[in-house]
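What follows is the residue order along each chain.
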Amino acid sequence: MTNRLTGNLFGASAMVLAMAISGGVLAQDAAAPVVAAAVDTTSTGEASSGVIVLGAEARHHRLVSAAGLAGLEVFDLTGARVAAVPAGEAGGLDVRYDFPIKGRPETLLVSTDKTENSLRIFAMRNGAPVEVGARAVPLGFAVEDVCLLRNASDGGLYAVAVGDGGEIEQLLLYADAEGKVDARSARRINLPSKVKYCVADDATGQLYVSQQAVGVWRFNGDPEADAAPALVDAAGLGRISEESGSLALYDGGQGARYLVATDASSGRLFVYDHGADDAYLGAASLTGRGGAAVKEPGALQVVGAPLAGLPSGALLVTDEDAPEGANYKLVSIAALTGALNLSAGTPQDARAVAAPRFPAVVAVAETAPVGSPGDAADDPVIWADPNNPANSLIIGTDKKAGLNLYDMQGRVIQHLPDGKMNNVDLRDGFILGGEPVVLVTASDRTNKAVAIYRLDTEARRLINIADGVQPTGQGDPYGQCMYRSARTGKTYVFINDSNGEKRQWELVDAGNSKVRAVRVRDFAFSSQVEGCVADDASGLLFVAEEDVGLWRLSAEPDGGSAMTMVARITENPALKDDMEGVGLYDLGDGRGYLMASSQGNDSYAVFRREGDQAYLGSFIVVADGARGIDGVSETDGLDVTSRNLGPGFEHGAMVAQDGRNVLPGENQNFKYVPWTSIADALGLEVRR
């Protein structure tokens, strides 16, 4: 056996339902064009999968082969075998560029070890893979393949391992301070039978998997989103004859973006329109350069860069059953698309890395998950301890079960099983029985009431001080916030019904160490509102109408119902409904920032507090693999403070509800983000 190439590589779902079904089985194309490979390698021994790794110059390009028990074998593009690296029983293999390791962008390779059922992680250095994994990452299932996905929403790099039992495991990759790369499980999806191959599109965030006996599935690859499975093609019902095979994606720009899939039984390549819901476009058969048919194409990789002689890039095909022994074939994308009367477009450079859509920050702490599953955590409020900031507290709602009191490390100090508490807020300095107390209120959907508590800051406990049930008279008390008037010193709470009706109550000392709520004002919005915050200094109330935008109006009980639009969702492309939580960062002297969660795109919009509340920018909260804290998505409620909350939070923080608590998947919780991180990301001030 030689290890030479035969030439220089550079010298040479909804769709299924829409198909026309005849007799229950869609007829195959009567004849498919034949496309000949531009290049064959000679036998490379065992070849499970391969990737061409692009270097800075053509002479630095390498073909890396997953060669079973021989590990990873490396060839240059003149055909010379230049390296062999132990990698266990190497099976699946994928590559991504510009992964940061100790501040340097590196080319990362991830391979499967099918003996140990683990992932091995390498960086390409001096033309060869060097293992940089902190460990072989155990999977706990019989692994078949791995593919990489750079999440378009936050820039995180994920490895997706698929398995013999239908497992789809998505793991966040991260580098530690020593330069070792590790992984944390972010999401698990299970199908009922073997998943053989996968491929992911960094630009759209879509993940494709080949379930061998069923067909090709498409998922949303963002672990912070619904998986949203869609069947692209099905064995026996669609184009696939018996078994679904390997997958690849080609990006030729607008109008030339294709999914390529193999039909394992017929050996054909099927091409789908990746830019149009993966509609079927045609099929082709493959031959080697000598004319021998490729009967069962194995793993595929699209080389997303022009190659000499192959200006539209190439499709690398693993041919495990080549007559002369397992090898690789390089198929011109232009030849494949030309045979099907499709445009090849202009290949997009696989090394290009898109920046996240907004500046990114990370949470440095998180609470324990709430006790209730599903959509349960909702709204937090921050109490800053003026005497010992490190003892500050967070109160968060479990809208299925009550209230939780957390410390600054996210530990649960107290759980109050008092009913379905939706939103919560507080004001300190409320005079009760002649003494100042920290007054806490919540919207109680169980009793349709205003729940009222005192925060015992010494015992670190919430104590119910409502003067009996304080009914709201609303069908579904929902959003809530508090206000203290600078004009009168009185304290109020606003609670809205889910139908948009909002009511204001004055909170008064009932004379028996209890507090009651006295209704003082009614007004309404056209549709559902929830998040709100009152600016005590200016006497203004800011309310998020979920599908419309952010409103400003008077917080005083005699303020009437006139309101002004601050930010309309349809007029600001950075906003996407629902608009939910609203908070205020106080810089003093009436200056500061308003913040609102834009739930539809998992971002947070910041506005100037004063004046006309000009929009200043948006940011996202992304995963921190080293800390094991995931990003924040689908935020309902949030709170912001400029007060010192202790080490790491000296200039305040944002605390936000996380609608999808992954890394690993658990019940919802709340994340803590230092204000300094947000200020650095958007060029904002901090309170000194």
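The structure reproduced in this document is the subject of the present report. Because the structure is predicted, anything quoted here is derived from the model rather than measured.

**A word on the overall build of the protein chain**
From N to C terminus, the protein chain includes three helices and 51 strands. Relative to its length of 688 residues, the protein chain is compact, with a C-alpha radius of gyration of 29 Å against a globular reference of 26 Å. Principal-axis analysis of the C-alpha atoms places the extent of the protein chain at approximately 95 × 55 × 40 Å. Looking at the protein chain as a whole, 60% of its 688 residues qualify as buried. As displayed, the protein chain offers around 24,700 Å² of accessible surface, 48% of which is attributable to carbon and sulfur atoms. Distance from the positive charge centre (58 side chains) to the negative charge centre (89 side chains) of the protein chain: 2 Å.

**As for the layout of surface pockets**
Approximately 930 Å³ is the volume found for the largest pocket. Arg96, Ala200, Asp202, Leu249 and Ala350 are the residues nearest the centre of the largest pocket, which is lined by 44 residues in total. Within the residue set of the lining of the largest pocket, elements represented by two or more residues are β3 (49-53), β7 (90-101), β12 (143-150), β16 (195-201), β20 (244-251) and β24 (300-303). With six residues, the single largest contributor to the lining of the largest pocket is β20. Roughly 730 Å³ of volume is contained in the second largest pocket. Lining the second largest pocket we find 39 residues, and of these Leu426, Arg427, Leu584, Asp639 and Val640 sit closest to its centre.

**Thoughts on the state of the cysteines**
Taken as a whole and assessed by the stated rule, the structure comprises two disulfides. For cysteine 147, the disulfide goes to cysteine 198, at an S-S distance of 2.3 Å. Here cysteine 147 and cysteine 198 share a disulfide; its torsion about the S-S bond, -125 degrees, makes the bridge left-handed. Taken together, the positions of cysteine 147 in strand β12 and cysteine 198 in strand β16 put the pair 51 residues apart, joining distant regions of the chain. What makes cysteine 198 buried here is its relative accessible area of 6%. The side chain of cysteine 481 participates in a disulfide bridge whose partner is cysteine 532; the two sulfur atoms lie 2.2 Å from each other. Its S-S torsion of approximately -120 degrees makes the covalent link between cysteine 481 and cysteine 532 left-handed. Taken together, the positions of cysteine 481 in strand β37 (residues 477-484) and cysteine 532 in strand β41 (residues 529-535) put the pair 51 residues apart, joining distant regions of the chain. Taking the relative accessible area as the measure of exposure, cysteine 481 reaches 1% and is therefore buried. Assessed through its relative accessible area of 7%, cysteine 532 is described here as buried.

What counts, and at which threshold
- Residues numbered from 1 in each chain as written.
- Predicted model: local features only at pLDDT ≥ 70, side-chain atom pairs only at ≥ 80, totals over all residues.
- Heavy atoms only, no water.
- Helix = DSSP H or I, 4+ residues; strand = E, 2+ residues; numbered from the N terminus.
- Rg over C-alpha atoms; globule rule 2.2 N^0.38 Å.
- Buried < 20%, exposed > 50% of the residue type's maximum accessible area, 1.4 Å probe, protein only.
- Areas by Shrake-Rupley, 256 points an atom, 1.4 Å probe, with all protein chains shown as cover.
- Lys, Arg positive; Asp, Glu negative; His and termini not counted.
- Charge placed at Lys NZ, Arg CZ, Asp CG, Glu CD.
- 1 Å grid on protein atoms, 1.4 Å probe; cavity = no way out; pocket = protein on both sides within 12 Å on 5 of 7 lines; lining within 4 Å.
- Points joined across faces, edges and corners; volume = space filled by probe spheres on them.
- Disulfide = S-S within 2.5 Å.

Honestly, it's all geometry; don't read function into it.
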